[in-house]
Amino acid sequence: MLRSILTGSHRLAILGSALLIGACASTPNTYSNVDVTADFSKYKTFGFFEELATDKADYESTETRYLKNAVTREMNLRGINPADQPDLKINFYINSKDKIRSRQTPTAGGYYGYRGSHYGAWGGYETRIDQYTEGTLNIDVVDVRSEKLVWEGAIVGRVTEDVLNNLEAVLDEAVREIYKSFPVPPKTATPAPTQSPY
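Residues numbered from 1 in each chain as written. Predicted model: local features only at pLDDT ≥ 70, side-chain atom pairs only at ≥ 80, totals over all residues. Heavy atoms only, no water.

Colleague: I'd like a rundown of the overall build of the chain, residues and numbers included.
Modeller: When its secondary structure is counted, the chain shows four helices and six strands. The order of helices and strands in the chain, counted from the N terminus, is α-β-β-α-β-β-β-β-α-α. Residues classed as buried in the chain amount to 41% of the 198 residues present. For the chain, the accessible surface area stands at approximately 11400 Å², while carbon and sulfur atoms represent 47% of it. (Helix = DSSP H or I, 4+ residues; strand = E, 2+ residues; numbered from the N terminus. Buried < 20%, exposed > 50% of the residue type's maximum accessible area, 1.4 Å probe, protein only. Areas by Shrake-Rupley, 256 points an atom, 1.4 Å probe, with all protein chains shown as cover.)

Colleague: Could you give me a rundown of the side chain of Asp 35, with the residues and numbers involved?
Modeller: Take Asp 35: it is sitting in the loop between strand E1 (29-34) and strand E2 (45-48). The contacts of Asp 35, once residues within four sequence positions are left out, are Phe 40, Lys 148, Leu 149 and Val 150. (Contact = heavy atoms within 4.5 Å.)

Colleague: Describe in detail the pattern of salt bridges, supporting the description with residues and values.
Modeller: Enumeration over the complete set of coordinates arrives at nine salt bridges. The shortest N-O distance in the salt bridge between Arg 78 and Glu 74 comes to 2.9 Å. The exposure classification of Arg 78 matches that of Glu 74, with both residues buried. Here the salt bridges share partners, and the residues they tie into one network are Arg 73, Glu 74, Arg 78, Asp 172, Glu 173 and Arg 176. (Salt bridge = Lys/Arg side-chain N within 4 Å of Asp/Glu carboxyl O.)

Colleague: Any details on the pairing of E2? Residues and values, ideally.
Modeller: The side-chain alternation of E2 yields two buried faces, one formed by Thr 45 and Gly 47 and the other by Phe 46 and Phe 48. Here E2 runs beside strand E3 (residues 81-82); their pairing, made up of two bridges, is parallel. Counterpart to Phe 46 in the pairing with E3 is Pro 82. Each parallel crossover has a hand, and the one from E2 via helix H2 (residues 62-77) to E3 is right-handed. (Pairing = 2+ DSSP bridges. Right-handed = clockwise from strand over helix to strand, strands pointing away.)

Colleague: An account of the confidence of the model for the chain is needed here, citing residue identities and associated values.
Modeller: On average, residues of the chain carry a pLDDT of 76, and 62% of them reach 70 or more. When mean pLDDT is taken per element in the chain, E2 scores highest with 98 and helix H1 (residues 2-6) scores lowest with 41. Within the model, pLDDT remains below 50 along residues 1-25, and this stretch shows 92 contacts once partners closer than five positions in the same chain are excluded. Contacts from residues 194-198, a stretch scored under 50 in pLDDT, to residues over four places away or in other chains number 10 contacts. (pLDDT = per-residue confidence, 0-100.)

Colleague: Explain the packing of aromatic side chains to me, and be specific about the residues and the numbers.
Modeller: Per the stated rule, a full pass over the model turns up seven aromatic pairs. With a centroid separation of 4.9 Å and 80° between ring planes, the pair formed by Trp 151 and Phe 182 is classed as edge-to-face. Note that Trp 151 is positioned in strand E6 (residues 148-159) and Phe 182 in the segment after helix H4 (167-178), a separation of 31 residues in sequence. Of the residues examined, Phe 182 reaches a relative accessible area of 5% and is grouped as buried. These aromatic residues form a ring-pair network of at least three members: Phe 40, Tyr 43, Trp 151, Tyr 179 and Phe 182. The ring of Phe 49 has Lys 89 sitting right over it, with the charged end atom 5.7 Å from the ring centre. (Phe/Tyr/Trp six-rings, centres within 6.5 Å; stacked < 30°, edge-to-face > 60°. Lys NZ or Arg CZ within 6 Å of the ring centre and 35° of its normal.)

Below you can see the structure in the form of structure tokens.
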């Protein structure tokens, strides 16, 4: 039943990779939803689902390993520790989607080139088409006893070559940003990344 919760329509509407997100290309946006009836002060332990959405068919993916490390750090900072019989279970979701954006920019050339530098004018407009990949990382936190999703956080941004070449650092920073909206604040300061992934 827990698994059906995580694969249903509870996903944020903005889901679209993960992080595979490059802040240098465009500033990532973070989102979160929380069950306001959940008492987060009672949660002391956590674990991960045996089958995570970021895993491959028969093995744990590199992305899963990076995410587990980053999420474990964030949960530990909040006094919520790993356990075999946890209060909370966590799942990840990574997705990417190709996007197209059109924009118009003014131009004084082309047809209006005859005006030269003799006087200023509005000029014409040139339509430009930009194609890019948008990535989303989603983190689901489920109350084991009630089998209910109690918090979800997501981050959305552009996928770049730098992102793909620095996946561990990018995912680590993405998790850090998502957890800024987690209902339980850290008991100690979050360690700064040793090197910016961007």
